[in-house]
Amino acid sequence: MPRMIAAADERVGGTRVAVIEVKDLTRTFRSSKGLFRRKAREVEAVRGIDFSVERGELFGLLGPNGAGKTTTIKMLITLLLPTTGRASVLGYDVVAQPREVRRRVGYVFGGDRGLYDRLSGLDNLRYFAELYAVPPREQRTRIHELLELVGLTGREKERVEGYSRGMRQRLHIARGLLHRPEVLFLDEPSIGIDPVGARELRATVKALVEHGTTVLLTTHYMFEADELCDRIAVIAGGEIVSSGTPDDLKQRVSSGPVVEVEVYGVLGGVVDRVQALVGVRSVVVEERGQAQVLLVHVEPGAEVTQSVMSCLEDARVGRVVTREPTLEDAYIELVGTP
Amino acid sequence: MLRLVLVTWWLQLKIRSRSAFDGLLGLLWPLFFATTVFLMYRASGAEGSALLSAAVGASVMGIWSATSTTASFTLQQERRQGTLELLVAAPTPFPLLIFPVTLSMATVGAYSMVATLLWGRFVFGIEIAVANPVAFVLSTLVTVVGIGMLGFLLAISTVRYRSAWAIGAALEIPVWLICGFLIPLDLLPAWVRPIAWLLAPTWGMSAIRDAAEGRGVLVDLLACLALAIAYGLLGMLVSRYMLNSARRRATLALS
């Protein structure tokens, strides 16, 4: 019987012990090119990250593409070996005790892949129920429960190749929950789902957390993270640049308001001039259809709208709005690019 | 464990049976082998037991081809559709998931045995006179298992390589030759024979021929079974190293 690092679901000395614990975790990918003179290349995808997730918590990892979110999840579910550092899930070390970890976690990823297209939804679930050692007597009931939960009842006998993206995603979720995992890893689960489907997905995730499942979620959608996550870590360039509750992040990064100026054709140098204004913390430009939107993050108490307008010179200006910062503003400022 | 093997085997057969293209190719492929072999033998003036031997050899070629080329290709397909990671992330030992996959391919290949013999009988007029039908069927079953286990070892040994499918394709024809599917082992250079003895299809092929011609099959069957078990054990040992290597090199996914 392998020794557990700690009793993950208990309090030790009055302190709650983490269900997921990550300490100084790094992952470097090495590749080489060329037939005779092979050139080696190294990419540091994750650079010494630390975080922990408590039982029953919904923890979000936010970051741009290539930030290291999926690599982190893959190390935690034992699909990748860390280069250095240490991680444990439910007290089991992800390197030394992979099978113990695999028994207790579920993994759902976004997109079209990860299913047997030529089989029906029902056959997919039957197969994964076998793989995850769901007792044969329970399989039928469990599969029907999950089909009901994800709204695929009545469509389960159709081949997956005929499913819409939303249906596939819902089937992914059912698959990930077959063995009642204590910890669920959701890697961009709402990618490609329509708004109604995404709302249903958020409701499902909330219900799982209410029933005690610990969830680690990665997403690009700020409102999703804001609505669902108890705590968030923002990851960029393989490092955690900030973490806390969604409200903490909003407060910590942009304690002042945001001025949004719709402009048709931002001229060169405008961003630098606005950035140089007294009271401006940062400026980013977002493309919105024909227009660009200058997002000017302002120091608390500063009034910069008139100065910003004067920097725009002859540019055609549309709507100008001043509003309180959102999680997305915080994220953009932390990550550094719109 | 038996249930897992049976369910996986059945679902893999289901996957394979649902593509019209794969199905058609699977139906036609053994007939091309058989036609080529029968024409070659007929052109060289062979008749009687020599033609029966050719028919049996061609049929086992089909079983091997179905297994070798698809065993490593299937892993590539699993990798491409994103299911390889899910198989590895499951708590069930990986070899237990791969064995029924390769066994299902060998089962599909077993069809080629029937198709080749019928093709030989009705198109080329070869008299299929099997002296010991029970031993013949038993030998065929054991050969299917032996070839399935060799495919299993091949698949497990190449799981960490993204281009593993090429290895299966490269081994297809050498095994036809080395295992004596078409020509007697005695015609091969002496140094090749020890390699042939380490390959289960050599013994399976010999057992099927002996059964067809009424000779004893026990030694060949036992050798084929022993090698199949050895491949299984070796595959279990190798899988741990190969999976760790794939986790280190991040080759379970395409990107």
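Values in this document were obtained by computation on a predicted structure and should not be read as measured data. Along every chain, residues carry numbers that run from 1 in the direction the sequence is written. Chain letters and ligand numbers both follow the written order, the letters beginning at A and the numbers at 1. It should be noted that, the model being predicted, local features are given only for residues of pLDDT at least 70 and side-chain atom pairs only at 80 or more, the latter also being counted only at that level, while totals for whole chains, interfaces and linings use all residues.

Asks: Quick question: what am I supposed to make of the overall build of chain B here?
Replies: Helix numbering and strand numbering both begin at the N terminus, where a helix is a DSSP run of H or I of at least 4 residues and a strand a DSSP run of E of at least 2. Across its full length, chain B holds 10 helices and zero strands. Both definitions apply: the radius of gyration is a C-alpha atom measure, and the globule rule equals 2.2 Å times residues to the power 0.38. Taken over C-alpha atoms, the radius of gyration comes to 18 Å for chain B, in line with the 18 Å a tight globule of 255 residues would show. With the C-alpha coordinates of chain B rotated into their principal frame, the extents come out at 55 × 40 × 35 Å. Buried residues are those with 20 or more other C-beta atoms within 10 Å of their own C-beta, exposed residues have 12 or fewer, and partly exposed residues lie in between; C-beta atoms are placed from the backbone. Considering chain B as a whole, with its 255 residues, one finds that 49% of them fall into the buried category. This entry defines residue contacts through backbone-placed C-beta atoms, with two residues in contact when those atoms are within 7 Å. In chain B, 82% of the contacts between residues at least 6 apart in sequence involve partners at least 24 apart.

Asks: What is the right way to look at helix H5 (residues 165-177) of chain A in this model?
Replies: Residue and element names in this part refer to chain A. When the terminal C-alpha atoms of H5 are compared, their 19 Å separation across 13 residues agrees well with the 18 Å that a helix rising 1.5 Å per residue should span. The buried fraction of H5 amounts to 10 of the 13 residues, a majority that puts the element mostly inside the structure. All of the buried residues along H5 are Arg-168, Gln-169, Arg-170, Leu-171, His-172, Ile-173, Ala-174, Arg-175, Gly-176 and Leu-177. Here the buried face of H5 lies against strand E8 (105-109), helix H3 (121-131), helix H4 (136-149), strand E9 (183-187) and helix H6 (195-210). The length a helix should cover is 1.5 Å for every residue beyond the first.

Asks: Before we go on, may I ask you to explain the sheet that holds strand E12 (residues 239-244) of chain A in this structure?
Replies: Backbone hydrogen bonds hold the strands of a sheet together, and the pairing may be parallel or antiparallel. All names here are of chain A. DSSP bridges decide pairing: two strands pair if at least two such bridges lie between them. Ordered by their spatial adjacency, six strands build an open sheet running E8-E9-E10-E5-E11-E12, and the pairing between neighbours is mixed. At either end of the open sheet lies a strand with only one pairing partner, and these are E8 and E12. This sheet shows a mean twist of 15° between the axes of neighbouring strands, independent of strand direction. With four bridges joining them, strand E5 (residues 58-62) and strand E11 (residues 231-236) adopt parallel strand pairing. Residue pairing for E11: Leu-61 is matched across the bridge by Ala-233. Contacts from H6 reach E5, E9 and strand E10 (214-219) within the one sheet, and its direction differs from that of E10 by about 150°. As a rule, the C-alpha atoms of each element are fitted with a line to give its axis, helices using only the stretch in contact, and angles between N-to-C directions run from 0 to 180 degrees.

Asks: Is there a simple way to think about the interface of chain B and chain A in this case?
Replies: Interface extent is often summarised as the accessible area lost during association of the parts. Every contact between the two is made by 24 residues of chain B and, on the other side, 23 residues of chain A. Those elements that place two or more of their residues in the side of chain B that touches chain A are helix H1 (2-17), helix H4 (84-89) and helix H10 (218-249) of chain B. Tallying contributions element by element places H1 of chain B first for the side of chain B that touches chain A, with six residues.

Asks: In this structure, what is going on with the confidence of the model for chain B? I would like to understand it.
Replies: Caution applies to low-pLDDT regions: their predicted coordinates should not be interpreted in detail. pLDDT is a residue-level measure of predictor confidence that goes from 0 to 100. With 98% of its residues at a pLDDT of 70 or more, chain B shows a mean pLDDT of 84. Our summary of model confidence lists the complex with pTM equal to 0.79 and ipTM equal to 0.81.

Asks: Sorry, what's going on with the sheet that holds strand E14 (residues 280-288) of chain A here?
Replies: Residues and elements named next belong to chain A. With antiparallel pairing, the four strands of this open sheet are ordered in space as E14-E15-E13-E16. At either margin of the open sheet sits one strand with a lone partner, and together these are E14 and strand E16 (316-323). Averaged over neighbouring strand pairs, the angle between their axes works out to 20° when direction is ignored. Inspection of the sheet shows strand E13 (residues 258-264) paired to E16 by six bridges, in the antiparallel sense. Counterpart to Glu-260 in the pairing with E16 is Val-321. Where helix H11 (residues 327-335) meets the sheet, it contacts E13, E14 and strand E15 (291-298), and its direction lies at approximately 85° from that of E15.

Asks: Just to check I follow, could you spell out the pairing of strand E6 (residues 84-89) of chain A for this structure?
Replies: One face of the sheet, then the other: side chains in a regular strand alternate in exactly this way. Where strand E3 (residues 20-33) of chain A and E6 of chain A come together, five bridges link them in antiparallel fashion. Looking across to E6 of chain A, one finds that Ile-20 of chain A is bridged to Val-89 of chain A.

Asks: What is the right way to look at unusual backbone geometry in this model?
Replies: Backbone phi values are negative for most residues with the exception of glycine, while trans is the configuration of most peptide bonds. Residue and element names in this part refer to chain A. Unlike most non-glycine residues, Leu-90 shows phi in positive territory, near 55°. Looking at the element boundaries, Leu-90 is found in the loop between E6 and strand E7 (92-93). Using a count of 25 C-beta atoms within 10 Å as the deciding quantity, one classes Leu-90 as buried.

Asks: Honestly, the domain arrangement of chain A in this entry has me stumped. Any pointers?
Replies: Residues and elements named next belong to chain A. As used throughout, domain bounds are those supplied by an automatic or database domain assignment. The domain architecture assigned to chain A consists of domain 1 (11-244) and domain 2 (253-335). In this complex, domain 1 contributes 10 residues to the contact, which on the side of domain 2 involves six residues. Put simply, the parts of the chain that give the side of domain 1 that touches domain 2 at least two residues each are helix H7 (222-228), E11 and E12. Ranked by the residues each element gives to the side of domain 1 that touches domain 2, the list is headed by H7, at three residues.

Asks: What is the right way to look at the packing of helix H9 (residues 200-213) of chain B against H10 of chain B in this model?
Replies: Working note: a packed helix pair is described by the angle between its axes plus the distance between those axes. Residue and element names in this part refer to chain B. Axis separation between H9 and H10 bottoms out at 8 Å; the angle between their running directions is 155°. In this view, H9 runs roughly antiparallel relative to H10, as classed from their interaxial angle. As for how H9 packs across H10, the hand of that crossing is left-handed. In this structure, H9 uses Ala-200, Trp-203, Gly-204, Ser-206, Ala-207 and Asp-210 to contact H10, whose residues at the interface are Asp-220, Leu-221, Ala-223, Cys-224, Leu-227, Ala-228 and Tyr-231. Partitioned by chemical class, the residues of the contact of H9 with H10 number nine nonpolar, two polar and two charged. Angles below 35 degrees are treated as roughly parallel, those above 145 as roughly antiparallel, those between 65 and 115 as roughly perpendicular, and all remaining angles as oblique. Two helices crossing with the near one rotated counterclockwise from the far one by less than a right angle form a left-handed crossing, whereas a clockwise rotation gives a right-handed crossing. Under the scheme applied, nonpolar residues are Ala, Val, Leu, Ile, Met, Phe, Trp, Tyr, Cys and Pro; charged residues are Asp, Glu, Lys and Arg; polar residues are all the others, including Gly.

Asks: Is there a simple way to think about the packing of helix H6 (residues 133-157) of chain B against H10 of chain B in this case?
Replies: Residues and elements named next belong to chain B. For the pair H6 and H10, the least separation of the axes is 8 Å and the interaxial angle reads 20°. The angle between the axes of H6 and H10 places the two elements in the roughly parallel class. The hand of the H6/H10 crossing is left-handed. Judged by residue contacts, Ser-139, Val-142, Thr-143, Val-145, Gly-146, Met-149, Leu-150, Phe-152, Leu-153, Ile-156 and Ser-157 of H6 engage Leu-221, Cys-224, Leu-225, Leu-227, Ala-228, Tyr-231, Gly-232, Leu-234, Gly-235, Val-238, Ser-239 and Met-242 from H10. Its residues assigned to classes, the contact of H6 with H10 shows 16 nonpolar, seven polar and no charged.

Asks: What's the story with H6 of chain B in this structure? I'm lost.
Replies: At 3.6 residues per turn, the α-helix brings residues three or four places apart onto the same side. Its 25 residues give H6 of chain B an end-to-end C-alpha distance of 36 Å, which sits within 8% of 36 Å, the value for a rise of 1.5 Å per residue. Taken across its 25 residues, H6 of chain B has 19 buried, putting it largely inside the fold.

Asks: I would appreciate a short explanation of the environment of Thr-26 of chain A in the present structure.
Replies: All names here are of chain A. Assignment of secondary structure puts Thr-26 in strand E3. Judged by C-beta crowding, with 18 C-beta atoms within 10 Å, Thr-26 ranks as partly exposed. A sequence separation of 55 residues divides Thr-26 from Leu-81, and the C-alpha atoms of the two residues are 9.7 Å apart. Dropping the residues within four chain positions of it, Thr-26 is found in contact with Glu-44, Val-46, Arg-47, Gly-48, Pro-82, Thr-83, Thr-84 and Gly-85.

Asks: I would appreciate a short explanation of the confidence of the model for chain A in the present structure.
Replies: Residue and element names in this part refer to chain A. With 93% of its residues at a pLDDT of 70 or more, chain A shows a mean pLDDT of 85. Per-element confidence in chain A is highest for E6, whose mean pLDDT is 95, and lowest for strand E1 (residues 11-12), whose mean pLDDT is 45. Here residues 1-14 scores under 50 on pLDDT; set against residues more than four positions off or in separate chains, the count is 21 contacts.

Asks: Explain the environment of Leu-125 of chain A to me, please; I cannot follow it from the model alone.
Replies: All names here are of chain A. Locating Leu-125 in the fold gives a position in helix H3. The spacing of Leu-125 and Gly-176 is 51 residues in sequence and 9.5 Å in space, taken between C-alpha atoms. Excluding anything up to four places from it in sequence, Leu-125 contacts Ile-143, Ala-174, Arg-175 and Leu-178.

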